[in-house]
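Structure at a glance
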Amino acid sequence: MAQKKGISTGLIYFFGALGGLLFGYDTGVISGAMLFINKAASVGGLNIKAGSFEEGFVTASVLLGAILGAAIIGPLSDKLGRRKLLLVAAGIFFAGAIGSGLANGYEMLVISRVVLGIAVGAASALIPTYLSELAPADKRGGIGTLFQLMIMTGIFLAYVSNEVLAPKGALHFLVGAHDWRWMLGLAAIPAAILFFGGLALPESPRFLVRKGQDADALTILKQFAPNDKLAEEELHDIQLQASIKTGGFKVLFGQMARPVLIMAMGLAIFQQVMGCNTVLYYAPKIFISAGFSEHFALLSHILIGLFNVIVTYVAVKIMDHVDRKKMLIGGAIGMGASLLLMSAAMLLLKAGAGNLGSWVCVIALTIYIAFFSATWGPVMWVMIGESFPLNIRGLGNSFGAVVNWAANFAVSQSFPMLLHLFAGKGKEGDGIAKLFIIYGVLCFVAIWFIVKFTIETRGKTLESLEADLRTKAHAKGYYESDATEDIAS
């Protein structure tokens, strides 16, 4: 496929990362929409009882779909290409959004949310790979972080949508009793934009070389490289790696790929068990437990969403100037310390600390979010997207995304149960305080993992990272030809 003309590299990166906005919107909007889905069916709701299994499963269904989507997309992208499947994901996003908005019963809503989850999981595995394969080595971190920036923007827009379309919201007069339907269905608009913008996107040059379309790959590389000579050198390096037979699970779990597989699994799990989604999803509950009003809690949710976007934008700017490992270690220290501070503040509230404890809790939560959005939020996706060898890149990124979504599901589902367990006969805030001590300790455990098991990737080409893996594996007497498995067979 020849390079599409008339679209700048900036727009390519924008449309390439746009799936992240849908990722963020579709996972963030349900917290507000569920408040109104619970209305009586006679006024547009589905009469799903608050606190029921059905309510919880509407939220969890996206995570289950995401595990499925992430598992499927990687191997398919190695066979069919990154661009084609990005268009497929846009179509799935569109269908899921329309289905959610038009749902006439609990079953249809869950099915539509599972469909959305498939697209979310596909985006999480596909987009970091696509962006890393397009971006030059010295800009890959910042370009890869655009995905996280889009996720945070999508979450922010979901919070705004929930606010303005809710009863007493600025735009509620336009939607009436169908407020939650519009909240869910509006995701169809960026899905359509992603599809039509995706038609102008180039295919990954790495994929094209594997398919023998070297001339087309060189045309694309020249658009992104500083000069033609560097593009030709990069093409030569890609050709060497692309000549290696496509690998399957034997290669993924073999000695050559094992260092990046361990790294990807660890980063994917630690990003979740350090409490990121519980803090983001349950921020209003945390503020209420700290003694603030519901109005303050809901308004703060929007401000947190905006703050996330701003901090992630800062991460885009610094990503290629600071080592990935240093960012992860600094982020883990900041997140762990702020969680322990938040826990202490909540325990002080129990002891009658009053306003001081409440505001310390707010400040600690804000610091936590700043560190997460600037480090673990984007860096995890960037490092997984750039680390796996070309012949198993799609498969490896899918595996990492599956692990991340499974950990997300486990943490999100266990949070309410653990909250109830740790609260005992006390207040909910007591349970949150004790839980965050556990999450805080895990942040410091993550530092040990980073030091021992992660590989620095900043400023290195994808081909040099792969060459280092193969050199170390061969030094240990491992040859991939002994374990290569054609995934297509």
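Use the structure listed above.
Residues numbered from 1 in each chain as written. Predicted model: local features only at pLDDT ≥ 70, side-chain atom pairs only at ≥ 80, totals over all residues. Heavy atoms only, no water.

It is at 9 Å that the axes of helix α1 (residues 9-17) and helix α6 (residues 106-134) come closest, and there the two elements cross at 165°. It follows that α1 is roughly antiparallel to α6 by the angle criterion. In this structure, the crossing between α1 and α6 has a hand that is left-handed. For the pair α1 and α6, the contacting residues are I12, Y13, G16 and A17 in the first and I127, Y130, L131 and L134 in the second. For the contact of α1 with α6, a count of residues per class yields 7 nonpolar, 1 polar and no charged. (Axes fitted to C-alpha atoms, helices over the stretch in contact; angles between N-to-C directions. Helix = DSSP H or I, 4+ residues; strand = E, 2+ residues; numbered from the N terminus. Parallel < 35°, antiparallel > 145°, perpendicular 65-115°, else oblique. Left-handed = near helix turned anticlockwise from the far one by under 90°. Contact = heavy atoms within 4.5 Å. Nonpolar A, V, L, I, M, F, W, Y, C, P; charged D, E, K, R; others polar.)

This part is about α6. Side chains that are three or four residues apart share a direction in an α-helix, a result of its 3.6 residues per turn. The first and last C-alpha atoms of α6 sit 41 Å apart over 29 residues, in line with the 42 Å expected at 1.5 Å per residue. At A123, α6 shows its maximal kink, close to 30°. Within α6, 22 of the 29 residues are buried, leaving the element largely enclosed by the surrounding structure. (Expected span 1.5 Å × (residues − 1). Bend = angle between axes of the 7 residues up to and from the residue. Buried < 20%, exposed > 50% of the residue type's maximum accessible area, 1.4 Å probe, protein only.)

Turning our eyes to something else, we now look at the side chain of R113. Tracing the backbone through its elements, the reader meets R113 in helix α6. Ignoring any residue separated from it by four or fewer positions in sequence, one finds R113 in contact with D26, V29, I30, V58, S61, V62, S100 and L184.

On to the nonpolar core, then. Counting 140 residues, the largest nonpolar core has W376, W405 and F436 as its most contacted members. With 13 residues, the single largest contributor to this core is α6. Excluding residues within four positions of it along the chain, F436 makes contact with T278, V279, I286, L339, M342, S343 and F415. (Core = buried A, V, L, I, M, F, W, Y, C linked by side-chain atoms within 4.5 Å.)

Using the criterion set out here, one finds 13 aromatic pairs in the structure. On the basis of an interplanar angle of 70° and a centroid distance of 5.8 Å, the ring pair of F23 and F147 is categorised as edge-to-face. Of this pair, F23 sits in helix α2 (residues 19-28) while F147 sits in helix α7 (residues 140-165), and the two are 124 residues apart along the sequence. Here the two residues F23 and F147 agree in accessibility, since each one is buried. (Phe/Tyr/Trp six-rings, centres within 6.5 Å; stacked < 30°, edge-to-face > 60°.)

In this section: the side chain of T457. Examined against the element boundaries, T457 turns out to sit in the loop between α23 (428-453) and α24 (462-475). Every residue in contact with T457, bar those within four places of it in the chain, is listed here: R140, R324, M383, E386, S387 and L465.

Here we come to a nonpolar patch on the surface. Taken together, I333, L340, L347, I437, V441, F444, V445 and W448 make up a surface patch of nonpolar side chains, about 660 Å² in accessible area. Elements that contribute at least two residues to the nonpolar patch include exactly α19 (324-350) and α23. At 5 residues, the largest contribution of residues to the nonpolar patch is made by α23. Mapped onto the elements of the fold, I333 is located in helix α19. (Patch = residues over 30% accessible without salt bridge, like charges linked within 9 Å, V, L, I, M, F, W, Y side chains within 5 Å. Areas by Shrake-Rupley, 256 points an atom, 1.4 Å probe, with all protein chains shown as cover. Salt bridge = Lys/Arg side-chain N within 4 Å of Asp/Glu carboxyl O.)

Let us look at the environment of A264. Examined against the element boundaries, A264 turns out to sit in helix α15 (residues 258-273). Expressed as a C-alpha distance, the spacing of A264 and G385, which sit 121 residues apart in the sequence, is 9.2 Å. In contact with A264, other than residues within four places in its own chain, are I384 and F388.

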